[in-house]
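Chains, contacts and geometry: an overview
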Amino acid sequence: MDSINTLTLAHRIVQERVKPGNFCIDATAGRGQDTALLCERVGATGKVLSFDIQEEAITSTRNRLQERGLSEIGTVIFDSHSNIDKYASPETVDCILFNFGYLPGGNHEVFTHADTSCEAIEKGLSLLRDSGIMCLSLYFGGPNGYSERDAILDLVKKFDPKKYTVIICQFANRKADCPFPIFIIKGAY
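As the structure is a prediction and not an experimental result, all values here were calculated from the model.

Criteria and cut-off values
- Residues numbered from 1 in each chain as written.
- Predicted model: local features only at pLDDT ≥ 70, side-chain atom pairs only at ≥ 80, totals over all residues.
- Heavy atoms only, no water.
- Helix = DSSP H or I, 4+ residues; strand = E, 2+ residues; numbered from the N terminus.
- Rg over C-alpha atoms; globule rule 2.2 N^0.38 Å.
- Buried < 20%, exposed > 50% of the residue type's maximum accessible area, 1.4 Å probe, protein only.
- Contact = heavy atoms within 4.5 Å.
- Areas by Shrake-Rupley, 256 points an atom, 1.4 Å probe, with all protein chains shown as cover.
- Lys, Arg positive; Asp, Glu negative; His and termini not counted.
- Charge placed at Lys NZ, Arg CZ, Asp CG, Glu CD.
- Pairing = 2+ DSSP bridges.
- Axes fitted to C-alpha atoms, helices over the stretch in contact; angles between N-to-C directions.
- Disulfide = S-S within 2.5 Å.
- Polar contact = N/O pair within 3.5 Å; in protein donor to acceptor, adjacent residues only side chain to side chain.
- Phe/Tyr/Trp six-rings, centres within 6.5 Å; stacked < 30°, edge-to-face > 60°.
- Lys NZ or Arg CZ within 6 Å of the ring centre and 35° of its normal.
- Core = buried A, V, L, I, M, F, W, Y, C linked by side-chain atoms within 4.5 Å.

**With respect to the overall build of the chain**
- A tally of helices and strands in the chain yields five helices and seven strands.
- For the chain, the N- to C-terminal ordering of α and β elements is α-β-α-β-α-β-β-α-β-α-β-β.
- Taking 2.2 N^0.38 as the reference for a compact globule, 189 residues should give roughly 16 Å; the C-alpha atoms of the chain span a radius of gyration of 15 Å, in line with that estimate.
- With respect to the principal axes defined by its C-alpha atoms, the chain has extents near 40 × 40 × 40 Å.
- Buried residues in the chain amount to 51% of all 189 residues.
- Taking as baseline every contact in the chain between residues at least 6 positions apart, the subset at least 24 positions apart corresponds to 72%.
- When the accessible area of the chain is evaluated, it comes to approximately 9,200 Å², of which 50% is carbon and sulfur surface.
- For the chain, the centre of its 20 positive side-chain charges and the centre of its 24 negative side-chain charges are spaced 5 Å apart.

**Some remarks on the sheet that holds strand S7 (residues 180-186)**
- Strand order in the open sheet made by the seven strands is S3-S2-S1-S4-S5-S7-S6, with mixed pairing throughout. Both outer strands of the open sheet, strand S3 (74-78) and strand S6 (164-168), are each paired with one neighbouring strand and no more. Between one strand axis and the next, the sheet turns through 15 degrees on average, direction left out of account.
- Strand direction decides the pairing type here: strand S1 (residues 23-26) and strand S4 (residues 93-100), joined by three bridges, are parallel. Within S4, the residue paired with isoleucine 25 across the bridge is isoleucine 96.

**Here's the deal with the state of the cysteines**
- This structure, assessed with the given rule, holds zero disulfides.
- Cysteine 24 supplies the cysteine sulfur nearest to cysteine 95, a cysteine that is in no disulfide, at a spacing of 4.9 Å.
- A disulfide-free cysteine, cysteine 169 has its sulfur positioned 9.6 Å from the sulfur of cysteine 135, the nearest such atom.

**Here's the deal with the side chain of threonine 28**
- With respect to the helices and strands, the residue threonine 28 is situated in the loop between S1 and helix H2 (33-42).
- Here asparagine 99 takes part through its backbone nitrogen, which lies 2.7 Å from a polar atom of the side chain of threonine 28.
- Dropping the residues within four chain positions of it, threonine 28 is found in contact with Phe51, Asp52, His81, Leu97, Phe98, Asn99 and Thr112.

**Looking at unusual backbone geometry**
- The phi dihedral of glutamate 91 is positive, around 60 degrees, even though this residue is not glycine.
- If you trace the backbone, glutamate 91 turns up in the loop between S3 and S4.
- By relative accessible area, glutamate 91 is classed as exposed at 52%.

**A closer look at the packing of aromatic side chains**
- All chains considered together, the criterion is met by five aromatic pairs.
- With a centroid separation of 5.0 Å and 15 degrees between ring planes, the pair formed by phenylalanine 98 and phenylalanine 100 is classed as stacked.
- For phenylalanine 98, a relative accessible area of 1% corresponds to the buried category.
- Among the residues examined, phenylalanine 100 registers a relative accessible area of 1% and is labelled buried.
- Each ring, one from phenylalanine 140 and one from tyrosine 146, has its centre 5.9 Å from the other, and the planes form 55 degrees; the classification is tilted.
- Looking at phenylalanine 140, the relative accessible area reads 10%, which means it is buried.
- Through a chain of ring-to-ring contacts, three or more aromatic side chains come together here, namely Phe140, Tyr146 and Phe180.
- Its guanidinium or amino end placed over the ring of phenylalanine 23, lysine 47 lies 4.8 Å from that ring's centre, counting from NZ or CZ.

**Brief notes about the nonpolar core**
- Of all hydrophobic cores here, the largest spans 31 residues; its most connected members are Ile25 and Leu136.
- Looking at this core, the elements with two or more residues in it are S1, strand S2 (47-52), S4, helix H4 (114-127), strand S5 (128-138), helix H5 (147-157) and S7.
- Top element by residues in this core is H4. It accounts for five residues.
- In contact with leucine 136, other than residues within four places in its own chain, are Phe98, Phe100, Ile121, Ile152, Val156, Phe180, Pro181, Ile182 and Ile184.

**Structural notes on the side chain of threonine 6**
- The topology assignment puts threonine 6 in helix H1 (residues 6-17).
- Side-chain polar atoms of threonine 6 contact the backbone oxygen of proline 179, separated by 2.8 Å.
- Excluding residues that lie within four positions of it along the chain, threonine 6 makes contacts with Ser137, Tyr139, Phe171, Pro179, Phe180 and Pro181.

See below:
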């Protein structure tokens, strides 16, 4: 049986919804796993932008894309996810992925923060085309605490239900700080 966790749920949604020729954004490149998946899904006719503020993440993602022959599809950008609106036009993006928290295997003292993360989510929504999807994977507790999780939950609960469908998937019988995904579909009401 396949494991069910935040990452597998987000990847299942990507595999179902992202098609060849789509334009996608990985707002938090990390180790490049999501960027590579998006590149594989959009194929040679699609485009993927990937953002991170840590050089280690940028290098790791570029290496993963190169190893898989996906460098022509994915562009890795050394910039904050809060600046994604500088790289894409409104209503042109099919899918945006976020992994909030810290870089796996990296410095746990460097992590995403509520202010730039909430800004990035709001900007990302304006970039999504109708029926586009945003996946927010929330990793919290430990060094990064709970303020970002709480701010994101407060933000998404305020989105107009006539414009967005927000699905919060929590694991009821797992440890208290278990990460969970949120899916936001634009125009699906």
